[in-house]
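# Chains, contacts and geometry: an overview
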Protein chains: 2
Amino acid sequence: MSGLVATPLTAAAFAPYGDVLEAGGEVFREINQGRCRRYHDLATLDFDDGRAGVSLFHAELRAMPCELELMERHPQGSQCFVPMGGSEYLVAVAPDDGGKPGPVTAFRARGDQAVNYRRGTWHAVLTPLAGPGLFAVIDRIGEGANLEEHWFDVPVLVVG
Amino acid sequence: MSGLVATPLTAAAFAPYGDVLEAGGEVFREINQGRCRRYHDLATLDFDDGRAGVSLFHAELRAMPCELELMERHPQGSQCFVPMGGSEYLVAVAPDDGGKPGPVTAFRARGDQAVNYRRGTWHAVLTPLAGPGLFAVIDRIGEGANLEEHWFDVPVLVVG
């Protein structure tokens, strides 16, 4: 089956679109008498006149290969997704191309990775591939629509 | 073995100390063409001159029964813990009693529950009981110590 191949999510590959939050590496603070490592302030939260809030999203599982029918973006704020079940999910993003998504890139995110979409970044809707489909979301709470959608004429098939 | 019995975490029982974030119930917004439920803005984030940030905490597992040697509080901001492994953790809190913790209450939190400690609430350090010990933490990023600790003369034994 031909289609867009989802590759493992890395901070470097995702950098044009936002932050990957993950533990590991040598940069942390030891807290609680050495019993806990704090990986500090990993997401660039960026809101306009709104404020940060924490919501829970409970989404239907999807299976691979997966058809993306639309992408969306939030012009008024960044949006951070934290998986709560330790399970894999699909992340698809695109640069803006004159008000619609340009070429799509797809990643498989591990269950110990959170992602923070930069304000205004085109991304697929929440697409858990396993587990409970439960995520904590840190995004903008405020007035205004803060949502643009783009429906593809032909769905984008993601494989891999 | 005698000791303080940890009971299942509920929003009602935790209300004096902060918020329990959990899905379920009838109050949600359907998004993504009905494929996702948004349980909206569940945590009272409360910071002074700082700002909200997202960090990851990776903590050692503990076993029950569990001895609490200390509690801590953050006078400059609320602190929200989101479990990333879907696994149970211990939550212990206390009212303030003249600058130190009063009587301790202990809860067993499910892996699909997040908690948000109200600013200044005495609480035990992060105590995962199973799973990877990985949590996302939404708390205050800013200057200042923002930490008070109280060490118990005799550790508090939590059972149950």
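It should be noted that the structure appears before, not after, this text.
The paragraphs below set out a description of the structure included in this document. (Residues numbered from 1 in each chain as written. Chains lettered and ligands numbered in written order. Predicted model: local features only at pLDDT ≥ 70, side-chain atom pairs only at ≥ 80, totals over all residues. Heavy atoms only, no water.)

## Side note on the overall build of chain A
Each helix and strand counted, chain A has 1 helix and 15 strands in total. The C-alpha radius of gyration computed for chain A amounts to 16 Å, which stays within 12% of the reference 15 Å derived for 160 residues, consistent with globular compactness. Overall, the C-alpha framework of chain A stretches about 55 × 40 × 30 Å when taken along its three principal axes. The buried share among the 160 residues of chain A stands at 50%. Element-wise, carbon and sulfur atoms account for 51% of the exposed surface of chain A, whose accessible area totals about 6900 Å². A distance of 7 Å separates the average location of the 13 positive side-chain charges in chain A from that of its 21 negative side-chain charges. (Helix = DSSP H or I, 4+ residues; strand = E, 2+ residues; numbered from the N terminus. Rg over C-alpha atoms; globule rule 2.2 N^0.38 Å. Buried < 20%, exposed > 50% of the residue type's maximum accessible area, 1.4 Å probe, protein only. Areas by Shrake-Rupley, 256 points an atom, 1.4 Å probe, with all protein chains shown as cover. Lys, Arg positive; Asp, Glu negative; His and termini not counted. Charge placed at Lys NZ, Arg CZ, Asp CG, Glu CD.)

## Observations regarding the sheet that holds strand S4 (residues 29-31) of chain A
In space, the 7 strands of this open sheet follow the order S4(A)-S5(A)-S6(B)-S14(B)-S8(B)-S11(B)-S3(B), with antiparallel pairing throughout. For this open sheet the edge positions go to S4 of chain A together with strand S3 (18-21) of chain B, each flanked by a neighbour on one side alone. The average undirected angle you get between the axes of adjacent strands in this sheet is 25°. Strand direction decides the pairing type here: strand S8 (residues 79-83) of chain B and strand S11 (residues 114-117) of chain B, joined by 3 bridges, are antiparallel. Looking across to S11 of chain B, one finds that Phe81 of chain B is bridged to Val115 of chain B. (Pairing = 2+ DSSP bridges. Axes fitted to C-alpha atoms, helices over the stretch in contact; angles between N-to-C directions.)

## Details of the packing of aromatic side chains
Residue and element names in this part refer to chain B. Tallied over the entire structure, the rule returns 14 aromatic pairs over all chains. Measuring from centroid to centroid gives 5.6 Å for Phe28 and Tyr39, while their planes differ by 55°, and the two rings are tilted. Of the two residues, Phe28 sits in the loop between S3 and strand S4 (29-31) while Tyr39 sits in strand S5 (residues 36-39), which places them 11 residues apart along the sequence. Overall, the relative accessible area of 23% leaves Phe28 in the partly exposed class. The buried category is assigned to Tyr39, whose relative accessible area is 3%. (Phe/Tyr/Trp six-rings, centres within 6.5 Å; stacked < 30°, edge-to-face > 60°.)

## Structural notes on the nonpolar core
With 29 residues, the main nonpolar core has Val82 and Ile138 of chain A together with Val82 of chain B as its most contacted residues. Elements with a contribution of two residues or more to this core: strand S6 (51-59), strand S8 (79-83) and strand S14 (134-141) of chain A together with strand S6 (51-59), S8 and strand S14 (134-141) of chain B. In this view, Val82 of chain B contacts Val82, Met84 and Ala136 of chain A together with Ala114, Leu134, Phe135, Ala136 and Ile138 of chain B; residues no more than four positions away in its chain are not counted. (Core = buried A, V, L, I, M, F, W, Y, C linked by side-chain atoms within 4.5 Å. Contact = heavy atoms within 4.5 Å.)

## Thoughts on the relation of the copies chain A and chain B
In screw terms, the move from chain A to chain B is a rotation of 180° and a rise of 0.0 Å along the axis, fitting with an RMSD of 0.0 Å. Both chain copies can therefore be described as sitting about a two-fold axis. Scanning chain A for the C-alpha nearest the rotation axis identifies Met84 of chain A, at a separation of 2.1 Å. When you check the interface residues of chain A against chain B, 100% turn up at the interface there too, and the contact is symmetric in its surfaces. (Least-squares fit on C-alpha atoms with pLDDT ≥ 70 in both.)

## Focus on the side chain of Thr127 of chain B
Position of Thr127 of chain B relative to the elements: it lies in strand S13 (residues 127-128). A polar side-chain atom of Thr127 of chain B sits 2.6 Å from the main-chain carbonyl oxygen of Val125 of chain B. (Polar contact = N/O pair within 3.5 Å; in protein donor to acceptor, adjacent residues only side chain to side chain.)

## Overview of the pattern of salt bridges
Applying the stated criterion to the full structure yields 24 salt bridges over all chains. Here Arg73 of chain B and Asp96 of chain B are joined by a salt bridge, their closest N and O atoms 3.1 Å apart. On the criterion of sequence distance, the pair formed by Arg73 of chain B in strand S7 (residues 66-73) and Asp96 of chain B in the loop between strand S9 (89-94) and strand S10 (105-109) is long-range, its members being 23 residues apart. Three or more residues joined by partner-sharing salt bridges are found here, namely Glu22, Arg110 and Asp112 of chain A. (Salt bridge = Lys/Arg side-chain N within 4 Å of Asp/Glu carboxyl O.)

## Brief notes about the pairing of S8 of chain A
Residue and element names in this part refer to chain A. Along S8, 5 of the 5 residues are buried, which leaves the element largely enclosed by surrounding structure. Residue alternation in S8 divides its side chains into two sets, Gln79, Phe81 and Pro83 and Cys80 and Val82, and both sets are buried. In terms of strand pairing, S8 meets S14 through 5 bridges, oriented antiparallel. Residue pairing across strands places Phe81 opposite Val137, the latter belonging to S14.

## Looking at the pairing of strand S7 (residues 66-73) of chain A
Residues and elements named next belong to chain A. Summarising burial for S7: 6 of the 8 residues are buried, a large majority. Two elements, S7 and strand S15 (residues 148-159), share 7 bridges in a ladder whose sense is antiparallel. Pairing of Glu67 across the sheet is with Leu157, part of S15.

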